[in-house]
Amino acid sequence: MTAVLKSVNRVLLAIVGLVLVVAGGSVLAVGLGVKPPSWWIYDSRHDVLLTEARRTRWRDEGWWWPVVIAVLAVLVLLALWWLVSVLRRRRLAEVLVDTGDGEGALLRGRALEAVLADEATGLDGVERAQVRLTGRRRAPTSRVRLLLASHLDPGAALDHLTTHALAHARDSANLGSLPTEVRLKGVKHRAERVS
């Protein structure tokens, strides 16, 4: 999930959860005999949430049912979009390797990610490497994040990644290309004392 989808997901879950907790808690409190405020939607434990007059108020209007159906359809579509975006797997589970005999073999995506990360951290000064494979089984792409020490030249780290780690991954999986997005970040360190 991207950062935007993660934050939208968390905000929507928090709002839905808050509404459900407040509504359920208020119904429980009034049901147990707590006197609600004067502006609340029902007054006592024997009161109904929607009276018959409120439920049938606009039923005879010509615009009522199309609006209700349209609003419910939009809510269902938004809920389905949300569910699909949460359940969709963004990480590539396996890569199809062409073995040359017409059959092919499957390589676990996490195994290739681990090997890429290990080779990327092989250069002195690369503190940590995170690799994520995305795309399709026949045409994977990768996202690499490197955490670099302050003494390491970013160009050298990028050169090592492309000529060693990515080249080995491309060759071992028999891929024509492995498009990669690389993000480099420096390790935060305390200021050095200058005398």
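My aim in this report is to walk through the structure given alongside it, one point at a time. Positions within a chain are numbered from 1, following the residues in the order the chain's sequence is written. Whole-chain, interface and lining totals are the exception, using all residues; otherwise, since this is a predicted model, local features are given only for residues with pLDDT of at least 70 and side-chain atom pairs are given and counted only at 80 or more. Water and hydrogen atoms were dropped before computing side-chain values, which therefore reflect all heavy atoms in the structure.

### Some points on the overall build of the protein
Heads up, the rule is: Each helix is a run of H or I in the DSSP string that is no shorter than four residues. Each strand is a run of E no shorter than two, and both are numbered from the N terminus. Just to be clear, the radius of gyration here is over C-alpha atoms, and the globule rule we use is 2.2 Å times residues to the power 0.38. Burial classes follow relative accessibility: with a 1.4 Å probe on protein chains only, a residue under 20% of its type's maximum area counts as buried, one over 50% as exposed, and anything between as partly exposed. Any pair of residues with heavy atoms lying within 4.5 Å of one another is described as a contacting pair. Accessibility throughout is a Shrake-Rupley quantity obtained with a 1.4 Å probe, and a residue counts as covered only by protein chains that appear here. Residues counted as positive are Lys and Arg, residues counted as negative are Asp and Glu, and His and the chain ends are not counted. In this description, the location of a charge corresponds to atom NZ of lysine, CZ of arginine, CG of aspartate or CD of glutamate.
Along its length, the protein carries five helices and five strands. Written out in order from the N terminus, the α and β elements of the protein read α-α-α-β-β-α-β-β-α-β. Compactness check: the protein gives a C-alpha radius of gyration of 28 Å against a globular reference of 16 Å for 195 residues, more than 25% above the reference. Reported as C-alpha extents along the three principal axes, the dimensions of the protein are approximately 75 × 65 × 30 Å. Here the protein holds 195 residues, and the buried ones make up 21% of them. Relative to all contacts within the protein whose residues are 6 or more apart in sequence, the contacts with residues 24 or more apart total 52%. Per element, the accessible surface of the protein, about 14500 Å² overall, is 60% carbon and sulfur. Distance from the positive charge centre (27 side chains) to the negative charge centre (19 side chains) of the protein: 8 Å.

### A look at the side chain of His160
Tracing the backbone through its elements, the reader meets His160 in helix α5 (residues 154–172). Under the relative-accessibility criterion, His160 is labelled buried at 16%. Setting aside chain neighbours within four positions, we find His160 in contact with Glu119, Ala120, Gly122, Leu123 and Ala165.

### Notes on the sheet that holds strand β5 (residues 180–186)
Sheet strands associate in pairs through backbone hydrogen bonding, adopting either a parallel or an antiparallel arrangement. The following threshold applies: A pair of strands is considered paired only if DSSP assigns at least 2 bridges between the two. Here the axes come from fitting lines to C-alpha atoms, over the contacting stretch only for helices, and the angles between their N-to-C directions go from 0 to 180 degrees.
Strand order in the open sheet formed by three strands is β3-β4-β5, with mixed pairing between adjacent strands. Each end of this open sheet is capped by a strand with a single partner; those strands are β3 (126–135) and β5. Between one strand and the next, the sheet's axes are offset by a mean angle of 15 degrees, whatever the strand orientation. Across seven bridges, the pairing between strand β4 (residues 140–148) and β5 is parallel. Bridging across to β5, Leu148 finds its partner in Gly186. Against the sheet, helix α4 (residues 109–120) engages β3 and β4, with an angle of about 150 degrees to β3. Each of β4 and β5 is contacted by α5, which is oriented at about 140 degrees to β4, the strand it contacts most.

### Comments concerning the side chain of Ser142
Assignment of secondary structure puts Ser142 in strand β4. Using a relative accessible area of 2% as the deciding quantity, one classes Ser142 as buried. Among residues more than four places away in sequence, those in contact with Ser142 are Arg132, Leu133, Leu166, Leu178, Pro179, Thr180 and Glu181.

### Details of the nonpolar core
Here is the rule: The nonpolar core is taken to be a set of buried Ala, Val, Leu, Ile, Met, Phe, Trp, Tyr and Cys residues, with the residues joined through side-chain atoms within 4.5 Å.
In this structure, Val95, Leu116, Leu146, Leu148 and Leu161 are the most contacted members of the largest nonpolar core, which totals 23 residues. Elements with a minimum of two residues in this core: β1 (94–97), α4, β3, β4 and α5. Per-element accounting of this core gives the leading share, five residues, to α5.

### Comments concerning the pattern of salt bridges
For side chains of opposite charge, pairing can occur when their charged atoms come near one another. Under the convention used in this document: Here, a salt bridge means any side-chain nitrogen of Lys or Arg that lies within 4 Å of a carboxyl oxygen of Asp or Glu.
Overall, the coordinates contain two salt bridges when judged by the stated rule. With its nearest N and O atoms 2.9 Å apart, the salt bridge here joins Glu94 to Arg137. A residue pair is termed long-range when its members are at least 10 positions apart, and Glu94 in strand β1 and Arg137 in the loop between β3 and β4 qualify at 43 residues. Residue classification places Glu94 among the partly exposed residues on the basis of a relative accessible area of 27%.

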